[in-house]
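Here's the letter readout for the chains.
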Amino acid sequence: TEEEKLKIEEEQKKKESLIIVNRFANRSFEQKLEEQKPEYIENRVPKEVKKTFRIGYAPNDWQELRKAAKKEGYSENLLIEAGLLIKKNDKIYDRFRNRVIFPIFNNRGQILGFSGRDIEGSSDMKYINTPESVIFSKKENLFGIFQALPVLKETKQIYLVEGNTDVTTLHYLGIKNTVAKLGTAFSEKQAKLIKRY
């Protein structure tokens, strides 16, 4: 029906908007890594790995991304929906603060969400991920799948590891068909995604 068609079109537009705002956020995170944590790149993240995985940094600031997004004309509601901002008791603030940011790509290279790693051991949670949205589901995605695809298609083999830094380290060492689960559990949908290749 016409109504269903409109609903599908609307959802598609929403998905596109979220991917666009994630792309903007990632550029902002990449820039902040260069500006504020260059020593982190030198000591912990080889330049080619940073480039391949588009790694960034969220400053230790409650309003950094919010202000940058406002300046670029992105709506706060869109950023809240993307999980980049949190709205709590009429206060709006950045979700990711003082964390190294790993964008989570789908197999087509679109950024669906982010994983932020605590770099100072100041948080109880080592990693925090983007919450579930119309484009992002932890159970359906794997960190590093986009970067692993060329070797994965060639070898028909995959290494499943625990965390993002395991993936980036192995990638740097030449083991590029490596992915990580997002969160604690390994799901059936993630297994199906691997089986596809």
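Residues numbered from 1 in each chain as written. Predicted model: local features only at pLDDT ≥ 70, side-chain atom pairs only at ≥ 80, totals over all residues. Heavy atoms only, no water.

**Considerations on the overall build of the protein**
Tallying secondary structure elements over the protein gives eight helices and eight strands in all. For the protein, the spread of C-alpha atoms along the principal axes amounts to about 50 × 45 × 30 Å. For the protein, with 197 residues in total, the buried portion stands at 44%. Sequence separation of 24 or more characterises 63% of the internal contacts of the protein that already satisfy a separation of 6 or more. Element-wise, carbon and sulfur atoms account for 48% of the exposed surface of the protein, whose accessible area totals about 11500 Å². (Helix = DSSP H or I, 4+ residues; strand = E, 2+ residues; numbered from the N terminus. Buried < 20%, exposed > 50% of the residue type's maximum accessible area, 1.4 Å probe, protein only. Contact = heavy atoms within 4.5 Å. Areas by Shrake-Rupley, 256 points an atom, 1.4 Å probe, with all protein chains shown as cover.)

**Some remarks on the sheet that holds strand S6 (residues 127-129)**
The pairing of strands in a sheet comes from backbone hydrogen bonds and takes either a parallel or an antiparallel form. If you trace the four strands from one edge of the open sheet to the other, you get S1-S4-S5-S6, paired in antiparallel fashion. Two strands bound the open sheet, and with one partner strand each, they are strand S1 (56-58) and S6. Recorded for the sheet is a direction-independent mean angle of 35° between the axes of neighbouring strands. Across seven bridges, the pairing between strand S4 (residues 99-105) and strand S5 (residues 111-118) is antiparallel. Directly across from Pro103, in S5, lies its bridge partner Phe114. Lying on the sheet, helix H7 (residues 164-172) is in contact with S4, S5 and S6; it crosses S4 at an angle near 75°. (Pairing = 2+ DSSP bridges. Axes fitted to C-alpha atoms, helices over the stretch in contact; angles between N-to-C directions.)

**Comments concerning the side chain of Thr178**
Within the secondary structure layout, Thr178 lies in strand S8 (residues 178-180). For Thr178, a relative accessible area of 2% gives the class buried. A distance of 2.8 Å separates a polar atom in the side chain of Thr178 from the backbone oxygen of Ile175. Once residues lying within four places of it in the same chain are set aside, the contact partners of Thr178 are Phe143, Gly144, Ala148, Tyr159, Val161, Val167 and Leu170. (Polar contact = N/O pair within 3.5 Å; in protein donor to acceptor, adjacent residues only side chain to side chain.)

**Some remarks on unusual backbone geometry**
Glycine aside, a negative phi is what most residues show, and trans is what most peptide bonds show. The phi angle at Asn89 is positive, at roughly 45°, despite the residue not being glycine. Within the secondary structure layout, Asn89 lies in the loop between strand S2 (85-88) and strand S3 (91-94). Residues other than glycine seldom take positive phi values, yet Lys156 does so here, at roughly 60°.

**Description of the pattern of salt bridges**
As enumerated under the stated definition, the model contains nine salt bridges in all. Across the pair Glu81 and Lys14 runs a salt bridge whose closest N-O atoms are separated by 3.1 Å. Of the two residues, Glu81 sits in helix H5 (residues 76-81) while Lys14 sits in helix H1 (residues 2-36), which places them 67 residues apart along the sequence. Judged by relative accessible area, Glu81 falls into the partly exposed class, the value being 35%. Given a relative accessible area of 30%, Lys14 falls into the partly exposed group. Among the salt bridges present, the one from Lys50 reaches Glu34, with a minimum N-O distance of 3.4 Å. Of this pair, Lys50 sits in helix H3 (residues 47-53) while Glu34 sits in helix H1, and the two are 16 residues apart along the sequence. Taken together, the shared-partner salt bridges connect Lys32, Glu35 and Glu64 into one network. (Salt bridge = Lys/Arg side-chain N within 4 Å of Asp/Glu carboxyl O.)

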